[in-house]
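Spelled out, the chains give:
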Amino acid sequence: MLEFTLLTLLVADAATDAGTPPRGPFTSLLPPHARVGAPRDVDELATPAERELDEPSVSGINPNRVFLERTIDVAISGDDTRWTDAVEVDFGDGITVNSVHLASPTSIVANLTIERRAGLGVRDVVVRDGETEAVYTGAFKVESPLARTSLRGTLASGSIVMGTLGQRDLTTPFDPLNNVLTTNNPGIGTDYVAANLYNLDFTLLVDVPVTTGGYDLTVVSGPEGSQVTSSLPGGLPIVTRAPIPLVEGDNAGTIVDPFGTRLYSFTPPDEPTRTTFVASTDNAAAAPIIAVLPSSGSFAELIGVDSTVIVNTTAASPLYVIYWDAWGAGEQGININVTTSGPPPPETEPNDDCAHAMRIAASSTTAASLRDAGDVDWYVLPATAEDVGKLVHVRTLPGDPTTDTLVDVFASDCTTSLGGPSPDFAYHEDFYSTPIVAAGDVYVKVTHSSAAFTTPNYELMVAIE
């Protein structure tokens, strides 16, 4: 089933001719011109220290740079050496020497595996043969195959972070179609990934409980059976921040950085309550979005994401609200308006067919549920002579974020559809009927989508406009 479809899918230079990557509920809000990326800096290997002369020594290593999580042959050459089949080499902790081949008394080929845990940076290489030991100081460097070329957003808990990774290992380009980006913190999830051969754009969702630290970024690229793993240890720096308490009414603030976020919290009353959050900004180039999370602070349990989010609660558990400018307009004054009210009336069962349709007002909200994939909910509302020529506007909302509804509107005979059914582009529907042709009853039918049934609860909002 399609995920959230809200504005426009990110269009970036990283997109390939092979197709459009899956959209995420946040990255789909980005403007068409959005692009993250910048030239990357490549550190140079430190110059090896001077070696003592007139004694056996290591004179060269090729290649003298290796990447994490790779297996590679490395040639070692020596001066005044008489290496034998008993020769051993040591590249330090985290590098496994799989085999050593003696090409000549002055030349060795070692097959190495550089483990994920190997420390980055310059290290010594030691060659031993019996009692003879030669050390090449500072001659070998372990590097990450990934370079972080950009990060955008607020690098803090309860945030949305965008960035670009470059593939520095030219022998292992990204697969443009098959990429999974993860971190070593389960509270940091991936909303979006798109790659070409040597660049990968991403959007990450950072949960509220994530603590201060530098978190690893890991890309597994390629189809199953031929995957390549590339890691950037400590590539995502995050700091902990405390949420700003919201009060009922207006809550003004400021965003400075493009794609920046502000983290808020709100605790509703300890009784059934409907809370409405509305985001606005004084920057006409901005696209104000709020993500509302439950008390867990987890994006995996996202309640809603839009400029207006409505939440129904029954207890005084905190809600987390994250303001995000999805178009990256930069500095702006922002406001979050908070209102509370009683919950909408519940659906009345049975209403499984037209004859038993639940009667609702011409402009109303109903808290409803589809008990299973085969359940059908019918509603009936009056249309007056003044309503002829107007449209019936039907919306379904959470409820549960993944309740997958389909709606239709019928004339008084319960069989003549007024432009339906809805196109089923997303979990929840926003459907306008064709014009009402006569005064009388109008019927609304809600069914489950043809996708797999997951959750039951939804809200039905109906208006004649």
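To be clear, the structure that these remarks concern was listed above.
Report on the accompanying structure. The model shown is predicted, which means the values in this text are computed figures rather than measured ones.

Our focus in this paragraph is the overall build of the protein chain. When you go through the protein chain residue by residue, the secondary structure sums to zero helices and 32 strands. Relative to the compact-globule value of 23 Å for 465 residues, the protein chain shows a C-alpha radius of gyration of 30 Å, a clear excess of over 25%. Each principal axis of the C-alpha distribution contributes one length, and for the protein chain these read about 105 × 45 × 35 Å. Burial analysis of the protein chain (465 residues in total) assigns 48% to the buried set. Of the contacts made within the protein chain by residues no fewer than 6 positions apart, 66% connect residues no fewer than 24 positions apart. Carbon and sulfur atoms provide 53% of the accessible area of the protein chain, an area that totals close to 20,600 Å². If the 23 positive side-chain charges of the protein chain are averaged to one point and the 60 negative ones to another, these points end up 5 Å apart.

Evaluated as defined, the whole model comprises one disulfide. One disulfide in the model links Cys-354 with Cys-414; its S-S distance is 1.6 Å. Between Cys-354 and Cys-414, the disulfide has an S-S torsion of 50° and is therefore right-handed. A residue pair is termed long-range when its members are at least 10 positions apart, and Cys-354 in the loop between strand S24 (332-341) and strand S25 (358-359) and Cys-414 in the loop between strand S29 (405-410) and strand S30 (430-432) qualify at 60 residues. Assessed through its relative accessible area of 12%, Cys-414 is described here as buried.

Looking now at the nonpolar core. Ile-76, Phe-91 and Phe-140 are the most contacted members of the largest nonpolar core, which totals 23 residues. Counting only elements with at least two residues in this core, the list comes to strand S1 (57-62), strand S3 (70-79), strand S6 (107-114), strand S7 (121-129) and strand S8 (132-143). In terms of residues, this core owes the most to one element, S8, which gives five residues. Contact partners of Phe-91, with chain neighbours within four places excluded, come to Val-74, Ile-76, Val-97, Ala-110, Leu-112, Arg-123, Asp-124, Val-125 and Phe-140. Counting 22 residues, the second largest nonpolar core, distinct from the first, contains Ala-368, Tyr-379, Leu-418 and Val-462.

As summarised here, the arrangement of the three strands in space is S11-S14-S15, forming an open sheet in which the pairing is antiparallel. At either end of the open sheet lies a strand with only one pairing partner, and these are strand S11 (179-183) and strand S15 (228-238). Taken pair by pair, the neighbouring strands of this sheet meet at an average axis angle of 20°, ignoring direction. As judged from the eight bridges shared by strand S14 (residues 213-221) and S15, these two strands associate in the antiparallel manner. Its bridge partner being in S15, Gly-213 is matched across the sheet by Ile-238.

Calculation rules
Residues numbered from 1 in each chain as written. Predicted model: local features only at pLDDT ≥ 70, side-chain atom pairs only at ≥ 80, totals over all residues. Heavy atoms only, no water. Helix = DSSP H or I, 4+ residues; strand = E, 2+ residues; numbered from the N terminus. Rg over C-alpha atoms; globule rule 2.2 N^0.38 Å. Buried < 20%, exposed > 50% of the residue type's maximum accessible area, 1.4 Å probe, protein only. Contact = heavy atoms within 4.5 Å. Areas by Shrake-Rupley, 256 points an atom, 1.4 Å probe, with all protein chains shown as cover. Lys, Arg positive; Asp, Glu negative; His and termini not counted. Charge placed at Lys NZ, Arg CZ, Asp CG, Glu CD. Disulfide = S-S within 2.5 Å. Core = buried A, V, L, I, M, F, W, Y, C linked by side-chain atoms within 4.5 Å. Pairing = 2+ DSSP bridges. Axes fitted to C-alpha atoms, helices over the stretch in contact; angles between N-to-C directions.

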